[in-house]
Amino acid sequence: MQRTDSFPMTTEVQPPDWQRPMLEIAEGDGDFLPLGDKHYAFFAEERPQLLVTFEDAASLRDREDHLPEHFALAQNRGWSMLTILAEGETWWRDPAVFRYFDRLADDGFLEDFDRVVFYGAGPAGYAAAAYSITAPQAELVLVAPRATLDPSLAGWDERHRIARRINFRGRYGYAPDMTESASKVWLIHDPLHQPDAMHAALFQRPWVQPLHARYTGEGTEDTLREMKVLDRILEAAMEGKMSAERFSWLWRGRRSNSSYLRAVLAAARLSGHPEREIKICRSVTSRLNAPRFARRLEELTGEKP
């Protein structure tokens, strides 16, 4: 990728320390560009498979290596990587970001790769879907993505109150429509969590495959990360091997995930079905060292596992 607006490296103005790891990588085969006042584009070039992600710059600064979350995965697999960093809750809706993706599309940059996978969760899932229009035949992995925060379409979503003032109309605006050039969209969400389920319904298209991760609530991405299956999902998408069956097989790991198991137990308790609680506790304690479930089983039945 030709460098056009690289970060100025002068004796008068030195980049912040958190940017240095990305700048060092960009000095080889890549780029690091400021996009207006609130966004940056980091590109690391490897083989002709590209992972595109969207991330909060504050999260990157908190990370010890000051590199995008999925950079190690991309580096280990030999993928190129493009990450758009945002300062604050911008939802990546900035004319400078629009122009950047316009330029990528005009130059055919994203079409030069053999495979392109866009990934994002929550607000970043919105951005991944919205900007995927610039990469025809890309594959998308979206975790609990938002379709829009336009009050006329998603006024029921009470989250992200600060971002509700952002204009979600106009260019790259309505994320579901922007997925029309994708080869496949894998949309992972909790269908029992109403706000995410309603956004998922707005994404209904022939090329969108919903994948259900029940009882994960607002923490769907965290649960997938804890289960160590998120990287495997991205790998499958990049290799063209992702499927609903593969997700179901990976999702079986939830049976050993503490966050998931606690959520299932809490749902059973709230529903007022002690028999179900007992079954859950017996199943968990027979397979795992789970003191919380053992205590609850004893409370319900007097049994000690």
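Preceding this section is the structure that the text describes.
Sequence order as written defines residue numbering, which begins from 1 separately in each chain. Residues qualify for local features only when their pLDDT is at least 70, as the model is predicted, and side-chain atom pairs are given and counted only at 80 or more; totals for whole chains, interfaces and linings, by contrast, use all residues. To get the side-chain values, all heavy atoms of the structure are used, and hydrogens and water are removed first.

1. Brief notes about the side chain of Thr83
Note the cut-off: Each helix is a run of DSSP H or I of at least 4 residues and each strand a run of E of at least 2, with the numbering of both proceeding from the N terminus. Polar contacts, as used here, are pairs of N or O atoms within 3.5 Å; protein pairs need one atom able to donate a hydrogen and one able to accept it. Residues neighboring in sequence count only if both atoms are side-chain atoms. Working rule for contacts: check all heavy atoms of both residues, and any pair within 4.5 Å makes them a contact.
Locating Thr83 in the fold gives a position in strand S4 (residues 79–86). A distance of 2.8 Å separates a polar atom in the side chain of Thr83 from a polar atom in the side chain of Thr53. Excluding anything up to four places from it in sequence, Thr83 contacts Tyr40, Ala41, Phe42, Thr53, Glu55 and Pro68.

2. Side note on helix H13 (residues 274–287)
Operational definition: In this scheme, a helix's expected span is set at 1.5 Å multiplied by one less than its residue total. Throughout this description, buried means an accessible area under 20% of the type-specific maximum (1.4 Å probe, protein chains only), exposed means over 50%, and partly exposed covers the range between. The reported arc concerns the directions from the helix axis to the C-beta atoms and nothing else.
End to end, H13 covers 20 Å across 14 residues, agreeing with the expected 20 Å (1.5 Å per residue, within 8%). Among the residues making up H13, those that are buried are Glu277, Ile278, Ile280, Cys281, Val284 and Thr285. Projected down its long axis, H13 carries its buried residues within an arc of 165°, all on one side. Turned more than 90 degrees away from the buried face of H13 sit Glu275, Lys279 and Ser286, all of them exposed.

3. Quick notes on the pairing of strand S3 (residues 47–56)
Let me state the cut-off plainly: Here, strands pair whenever DSSP counts at least two bridges between them.
Sheet topology note: the S3/S4 ladder contains 8 bridges and is parallel. Considered in S4, the bridge of Asp56 is made with Ala86. Sheet topology places S3 next to strand S5 (residues 115–121); 5 bridges connect them, and they run parallel. Pairing of Val52 across the sheet is with Phe118, part of S5.

4. Points about the packing of aromatic side chains
Note the cut-off: Only centres within 6.5 Å qualify two rings of Phe, Tyr or Trp (six-membered ring in Trp) as a pair; their planes then separate them into stacked at under 30 degrees, edge-to-face at over 60, and tilted for everything else.
Counting across every chain of the model gives 20 aromatic pairs. Here Phe42 and Phe71 contribute two aromatic rings whose centre-to-centre distance is 6.0 Å and whose plane-to-plane angle is 55°, an arrangement assigned as tilted. Taken together, the residues span a long stretch of sequence, with Phe42 in strand S2 (residues 39–44) and Phe71 in helix H3 (residues 71–77) at a distance of 29 residues. What makes Phe71 buried here is its relative accessible area of 9%. Taken together, a centroid distance of 5.6 Å and an interplanar angle of 40° make the contact between Phe98 and Tyr172 tilted. With a gap of 74 residues between them, Phe98 in helix H4 (residues 95–107) and Tyr172 in the loop between helix H6 (151–154) and helix H7 (175–178) connect regions that are remote in the sequence.

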